[in-house]
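So you can see what is in the structure, the chains are spelled out below.
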Amino acid sequence: MKIQQKHIIESIANALQYISYYHSPDFIQAMTNAYEKETQQAAKNAMAQILINSKLSAIGQRPLCQDTGIVNVFVEVGMAVEWAADLSLEDMINEGVRQAYTKAQNPLRASIVKDPLFGRVNTKDNTPAVIHMKVVKGNQLKFIVAAKGCGSENKAKFAVLQPDDNVVEWILKMVPTMGAGWCPPGVLGIGVGGTAEKAMLMAKESLMEPIDIQDIAQKTNLSNLEKLRLELREKINNLGIGAQGLGGLTTVLDVKIKDYPTHAASQAVAMIPNCAATRHLHFSLDGSGVAILPEVDLSVYPDLAMDTSNYQKIDLNTLTKSQMNAWQVGDTLLLTGTIITGRDAAHARLKKMLDNGEGLPKGVNFKNKFIYYVGPVDAVDDEVIGPAGPTTATRMDKFTDMMLENTGILGMIGKAERGEATIKSIKKHQASYLIAVGGAAYLISKSIKKAKKIAFAEMGMEAIYEFEVKDMPVAVAVDSQGENIHAIFKNLLENQ
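For clarity, every value in this text was computed on a predicted model and none was experimentally measured.

S.K.: Before we go on, may I ask you to explain the sheet that holds strand S11 (residues 267-274) in this structure?
M.R.: Sheet strands pair via backbone hydrogen bonds, and the direction of the pair is either parallel or antiparallel. Taken in spatial order, the four strands line up as S8-S11-S9-S10 in an open sheet, and their pairing is mixed. Looking at which strands have only one partner, the edges of the open sheet turn out to be strand S8 (157-161) and strand S10 (252-260). When the angles between neighbouring strand axes are averaged without regard to direction, this sheet yields 15°. Here strand S9 (residues 186-193) pairs with S11 via six bridges, running antiparallel. The partner of Leu 188 across the bridge, within S11, is Pro 273. Helix-sheet contacts for helix H9 (residues 224-237) involve S9 and S10, and the interaxial angle to S10 is about 140°.

What follows is the structure, encoded as structure tokens:
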């Protein structure tokens, strides 16, 4: 049978919608196991939010994470496939991406910019995908469709080691340098051998495999790669980085490794993490119609609810610096009041305006407010806003002094650690840095009661919003005295 163009397009679109709000059962089980054995309360709370968020997203069919990813597609093309198509396979895939990301019932955030060196203009439909094709025997098309968030993608590592260098040592050295911006716990993909680009491709491909390390641990006859996976899982988790970088027992849920023959003088090694929004789906087309996607069993989710009994309720509209000075690192807060949003491009534009003497945009008042680093998904139906989880705060470090000096903000909300210079600036201005849980975007959006764009609307996800929030859960990561939660856990680990 001929494989029809419309079936490819619809299957790609359906798969991308599916993975935007459904975690695979193996991920839920692995995260639940990690949650149940966790003893570090901050890490346990973060994993609870990720699991609650996942169930809410599955029920509401709205994105797990506001970063709905850059689309990666791996496709095996059977040599005997017959086509009923006018478009190239690449164009069919990209049309499926366009339809998925612009679907009215569940629009996904368009994050892709063209002309990456210069204009960086958003393509508005998240095209094009990154596509890898392989020609194989048979008469089918076999697809792996993934959506990769850049909080984890940006933490990819690569090196060409000497042939006798120790790969485990290199990995253990690199993992701490990734910080918490990749939203652990997740899966670590490793590629060894081949050439530079082959190693990177293998690392990415390995992330598409099921989470099965618990099964591997039960085997009695292990291969060398399986032994290495178990060794790395144990040693990485013993680093104590933990969920969201908050310490604890689980940094990686699984470690995947693919290898390939290489030159005798080389040892290329690549490492790519997958975050808590692990999203990929496998399906085949044989000409009989659109791909049938897996049924979802909500019983795989643990019965969890947010425990806010130890959270302090904070009224942002009356908050003073003297009140904020009483906060200590690790305090958990429920924020109610007005916050202003802004991320990379908005900060760059604000800097340009201030440097040019233009002042801040009309209608934007940061004074005595917190700025939330977020690029939300658009709202649908009666939603105030779509999923709106934090982006990696480290990218805004270079703007922190500017914001604290010129805008009157009290502090910032994001995810992951801050740099040393930024922490000094926070201490100098007696500000605060709060963290929300990366991977809990839909859950967080439920605490946003009003939202309106107040500047840079033409920049899409980079626009500045004013949010009215009620009981938004956060934790104090850097207090007004410059104490830093990520450094505390790092020092505890080093002194063990």
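S.K.: Explain the environment of Leu 89 here, please?
M.R.: Within the secondary structure, Leu 89 is located in helix H4 (residues 89-101). The spacing of Leu 89 and Val 75 is 14 residues in sequence and 9.7 Å in space, taken between C-alpha atoms. Not counting residues up to four positions away in its chain, the partners in contact with Leu 89 are Ile 8, Val 75, Val 77, Trp 83, Met 133 and Phe 143.

S.K.: Even after reading the chapter, I still don't get the domain arrangement of the chain, so can you show me in this structure?
M.R.: Think of interface size as the accessible area that goes away when the parts come together; that is how it is often given. In terms of domains, the chain is made up of domain 1 (1-148 + 297-303), domain 2 (150-276) and domain 3 (312-494). The centre of domain 1, based on its C-alpha atoms, is set 28 Å off from the matching centre of domain 3. Contacts between the two partners involve 22 residues from domain 1, matched on the other side by 25 residues from domain 3. Taking both sides of the interface into account, the surface hidden between domain 1 and domain 3 amounts to around 1700 Å²; carbon and sulfur atoms contribute 62%. Taken together, the links from domain 1 to domain 3 amount to one salt bridge. In this structure, the salt-bridge partner of Glu 383 is Arg 62, at a minimum N-O distance of 2.7 Å. Broken down by class, the residue content of the side of domain 1 that touches domain 3 amounts to 10 nonpolar, nine polar and three charged.

S.K.: In this structure, what is going on with the UniProt feature "domain: Fe-S hydro-lyase tartrate dehydratase beta-type catalytic" (unreviewed entry) in the chain? I would like to understand it.
M.R.: According to UniProt, the feature "domain: Fe-S hydro-lyase tartrate dehydratase beta-type catalytic" (unreviewed entry) maps to residues 287-487 in the numbering used here. Secondary structure across residues 287-487 comprises 21% helix and 24% strand; the distance between its end C-alpha atoms is 56 Å.

S.K.: What's the story with the nonpolar core in this structure? I'm lost.
M.R.: Inside soluble globular proteins, nonpolar side chains tend to come together where they are buried. In this structure, Phe 143, Leu 335, Phe 370 and Ile 413 are the most contacted members of the largest nonpolar core, which totals 121 residues. Of all the elements, strand S19 (residues 464-478) adds the most residues to this core, at 10 residues. Aside from chain neighbours lying at most four places away, what touches Phe 143 is Ile 8, Ile 12, Val 73, Phe 74, Val 75, Leu 89, Ile 93, Leu 281, His 282, Phe 283 and Leu 285. Listed in part, the 22 residues of the second largest apolar core include Trp 170, Val 175, Val 192 and Leu 239.

S.K.: Help me understand the UniProt feature "domain: Fe-S hydro-lyase tartrate dehydratase alpha-type catalytic" (unreviewed entry) in the chain, please; the structure alone is not making it clear to me.
M.R.: Per the UniProt record, "domain: Fe-S hydro-lyase tartrate dehydratase alpha-type catalytic" (unreviewed entry) is annotated on residues 10-283. Helix and strand shares over residues 10-283 are 37% and 24% respectively, and the end C-alpha atoms of the span are 12 Å apart.

S.K.: Would you explain the sheet that holds strand S7 (residues 141-148) in this entry?
M.R.: The four strands lie next to each other as S6-S2-S7-S12, forming an open sheet whose pairing is mixed. Among the strands making up the open sheet, the edge pair consists of strand S6 (130-136) and strand S12 (280-285). In this sheet, neighbouring strand axes are inclined to one another by 15° on average, regardless of whether the strands run parallel or antiparallel. Where S7 lies against S12, six bridges are found, and the strand directions are antiparallel. Across the sheet, the residue bridging to Lys 142 is Ser 284, located in S12. Strands in contact with H4 are strand S2 (70-78), S6 and S7; relative to S2, the strand with the most contacts, it is inclined by about 140°.

S.K.: Can you walk me through the environment of Ala 30 in this structure?
M.R.: Tracing the backbone shows Ala 30 in helix H2 (residues 25-37). In this structure the C-alpha to C-alpha distance between Ala 30 and Ala 156, which are 126 residues apart in sequence, comes to 23 Å. In this structure, Ala 30 is in contact with Ile 211 and Leu 253, ignoring residues within four places of it in sequence.

Cut-offs and rules
- Residues numbered from 1 in each chain as written.
- Predicted model: local features only at pLDDT ≥ 70, side-chain atom pairs only at ≥ 80, totals over all residues.
- Heavy atoms only, no water.
- Pairing = 2+ DSSP bridges.
- Helix = DSSP H or I, 4+ residues; strand = E, 2+ residues; numbered from the N terminus.
- Axes fitted to C-alpha atoms, helices over the stretch in contact; angles between N-to-C directions.
- Contact = heavy atoms within 4.5 Å.
- Domains from an automatic or database assignment.
- Buried area = accessible area lost by both parts, 1.4 Å probe.
- Salt bridge = Lys/Arg side-chain N within 4 Å of Asp/Glu carboxyl O.
- Nonpolar A, V, L, I, M, F, W, Y, C, P; charged D, E, K, R; others polar.
- UniProt positions renumbered as here; feature names shortened; annotations may be inferred.
- Core = buried A, V, L, I, M, F, W, Y, C linked by side-chain atoms within 4.5 Å.
- Buried < 20%, exposed > 50% of the residue type's maximum accessible area, 1.4 Å probe, protein only.

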